[in-house]
Structures are given as C-alpha cells and as structure tokens.
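Reading the structure
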Amino acid sequence: MGELQTLSVMGLPVHWSDRGEHYADWLLLRQQQGLGSHVVTLNAEMAMQADRNPPLKQLIQQTELVIPDGAGIVLYFRLQGKTLQRCPGIELAEAVLEQLRPEQSVFFYGGAPGVAEAAAQEWQQRNPQLKVAGVQHGYLTPEEQLAFQDQLKALQPTVILLALGVPRQEFWTADHRHLCPNAVWIGVGGSFDIWAGLKERAPAWFCNNHLEWLYRLYKEPWRWRRMLALPKFAIRALTYS
Ligand code: UDP
C-alpha cells in the first residue's frame, strides 16, 4: 500500500489516497505496528471552526489522518485541478469495523444515553464476530468521567469511536489518547444516531451529487445557520494565502 499524499486547504492538511478504503488499511497496519492514530473527518464547517479556533487548527495540523469528509472540501480541490474521492467519516468507520479480526475490539463512546448501546447492537447484528469492548454515552458527570477513563485504559480497545460532535470529540481525543496509545481514534459525529436508526443518511443520489448537506437541511432545518459555513468556506478557502 502506498503512502498518503498531504494536500492543504486553509492551512489544514488533507491526506489523500486514490481509493478511500485504503484509509482503513493504512490505519490498521499502523495499529499492528503499535502506532496509534487519530482520524479527523474534515468538512467545510469544521474548516471554518478551525479558522476561528487556533487550538483546533493546531490539533488538526498535528493529526495523523485528516480525510476529505465534506463535499465543500472535495469541490475546493477540484477547482485546484485535483480530483479527490469524498470519504464520509461514517464510511471510514464502517470499513475499519468490517476489517477487525476476532481478537480486536471496538469501543463506542458518545451520544445520548442508550444510543451507543443501540449502535453497538446494530453492529453486533451485522457481524456477530465483532468484539465490542464497551459502550458509554456522552453525558458523564466529572466523577463518572474519571471512572470511564480508568475503564478505557484497562480495556485497551483497538478502535475507539467518539460521537461527541465537533470539536468536543477532537479535543477529547487529543487530551486522552495517551490512555490507549495504540488505538485508532475516530471522531464520528452523528454516526451512532444513524446506526441506532434514529436518523437516516441521505439517499445515494444526494451523496453522489455532493448534495448530502441539502438533504440534511431538509431533515434538520434548524441547522441552516451552521450550513452558512459552506458559502463562507468557499470564499475563505479560495482567497486564503
Ligand atoms: N453529544 C454528546 N455529548 C455532548 C454533546 C453532544 O455525546 O456533550 C453527542 C450528541 O448526542 C450527538 C453527537 O454528539 O449524538 C453530535 O452529533 P452531530 O450530528 O451534531 O455531530 P457533528 O455534526 O457535530 O459532527
């Protein structure tokens, strides 16, 4: 498997291989070699957040793997003459889980109470061999948080999925990855809600035409303000120097 190329948008890296599923191979190979990784799934909204939030920008610059999750990122590179395949974070997480061997395990952390359990159950149905190290909802008290960190350290899962939203899941990973230094840490946003059946992904037609954001706006119209990040991103990315 070849090395990943590093491209740049607004001072942020995007790592690229010509086939999205290579990311999962790359992560699991590193994990076998005893190297942990943090995966950031970059979209226009997150790039704009990083532009206003220097600690987030620095974190993304130091992350082992930043994948082109959003249509805005892919369109930006297309204008620069580079054709990237979009890789939604949920699909990368699915590719990683599908490749886990029986002795490897996954931990689901985040979401409202019950959601991580439901997401793990869905995965257990898809693959009864999958070893679920544990589940934890994302609304812990400070005392529960400490006990949870001890639990994670004792379990040493191969993969830790975090559904805490951006940028909470990124900062939590940066602050706690020393607990499981060999793990693959992936911030998956609302993916647990989708696996748990609480939300639906956009139909393939929307995804294939870079319109997943439009479907999301129709389903969750209260997000309209967050979506203004897209046109703002287009202007900022194209004028960034
Ligand atoms: N969440 C959480 N703990 C918190 C705040 C949020 O576990 O303190 C969860 C929330 O329940 C939801 C997810 O984080 O499942 C955020 O999902 P969203 O679709 O907003 O992700 P984003 O678009 O930010 O990636």
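These notes cover the structure that comes with them. Remember, predicted model here, so these are calculated numbers, not experimental data. (Residues numbered from 1 in each chain as written. Predicted model: local features only at pLDDT ≥ 70, side-chain atom pairs only at ≥ 80, totals over all residues. Heavy atoms only, no water.)

It is worth spelling out the overall build of the chain at this point. In terms of helices and strands, the chain carries 13 helices and eight strands. For 241 residues, the compact-globule estimate of 2.2 N^0.38 gives 18 Å, and the chain sits close to it at 17 Å. Overall size of the chain, expressed as C-alpha extent along the three principal axes, is 45 × 40 × 35 Å. A buried classification covers 49% of the 241 residues belonging to the chain. Put simply, of all contacts in the chain between residues at least 6 apart along the chain, 72% involve residues at least 24 apart. Accessible area of the chain: about 11900 Å², with a carbon and sulfur share of 52%. (Helix = DSSP H or I, 4+ residues; strand = E, 2+ residues; numbered from the N terminus. Rg over C-alpha atoms; globule rule 2.2 N^0.38 Å. Buried < 20%, exposed > 50% of the residue type's maximum accessible area, 1.4 Å probe, protein only. Contact = heavy atoms within 4.5 Å. Areas by Shrake-Rupley, 256 points an atom, 1.4 Å probe, with all protein chains shown as cover.)

One open sheet accounts for six strands, arranged β4-β3-β8-β7-β5-β6; its pairing is parallel. The open sheet has two edge strands with one neighbour each: β4 (65–68) and β6 (131–136). Pairs of neighbouring strands in the sheet enclose a mean axial angle of 20°, with direction left out of account. Bridge count between strand β3 (residues 37–42) and β4: four bridges; the pairing is parallel. Looking at β4, one finds that L42 is bridged to P68. Docked against the sheet, helix α7 (residues 142–155) engages β5 (105–110), β6, β7 (159–163) and β8 (184–187), running at close to 165° with respect to β5. (Pairing = 2+ DSSP bridges. Axes fitted to C-alpha atoms, helices over the stretch in contact; angles between N-to-C directions.)

Around the ligand, a shell composed of 16 residues is seen, among which G111, G138, Y139, R168 and R226 lie nearest. Interatomic distance of 3.1 Å between a side-chain N/O atom of R223 and an oxygen atom of the ligand. Interatomic distance of 3.0 Å between a side-chain N/O atom of R226 and an oxygen atom of the ligand. In terms of residue class, the shell around the ligand is built from five nonpolar, six polar and five charged. (Near = heavy atom within 4 Å. Polar contact = N/O pair within 3.5 Å; in protein donor to acceptor, adjacent residues only side chain to side chain. Nonpolar A, V, L, I, M, F, W, Y, C, P; charged D, E, K, R; others polar.)

So, about unusual backbone geometry. It is generally the case that most residues other than glycine have a negative phi and that most peptide bonds are trans. Here the residue pair V166 and P167 is connected by a cis peptide bond, since its omega of 5° sits within 30 degrees of zero. In this model, M10 sits at a positive phi of 50°, which is unusual for a non-glycine residue. A relative accessible area of 2% means that M10 is categorised as buried. Phi is positive for H210, which is not a glycine, with a value near 60°. With respect to the helices and strands, the residue H210 is situated in the loop between α10 (204–208) and α11 (212–219).

Below, the discussion takes up the packing of aromatic side chains. A complete count under the given rule lists 14 aromatic pairs for this structure. Relative to F233, the ring of Y76 has its centre 6.5 Å away and its plane inclined at 65°; by these criteria the two rings are edge-to-face. With a gap of 157 residues between them, Y76 in helix α4 (residues 71–79) and F233 in helix α13 (residues 229–239) connect regions that are remote in the sequence. For the pair shown, Y76 and F233 are each scored as buried. For the ring pair F107 and F148, a centre distance of 5.5 Å and an interplane angle of 45° mean the geometry is tilted. Taken together, the residues span a long stretch of sequence, with F107 in strand β5 and F148 in helix α7 at a distance of 41 residues. On the accessibility criterion, F107 (0% relative accessible area) is buried. Taking relative accessible area as the criterion, F148 reaches 2% and is therefore assigned buried. Three or more aromatic residues joined by ring pairs make a cluster, and in this case those are F107, Y109, F148, W172 and W185. For the cation-ring pair, R126 lies above W123, with the distance from its terminal atom to the ring centre recorded as 4.6 Å. (Phe/Tyr/Trp six-rings, centres within 6.5 Å; stacked < 30°, edge-to-face > 60°. Lys NZ or Arg CZ within 6 Å of the ring centre and 35° of its normal.)

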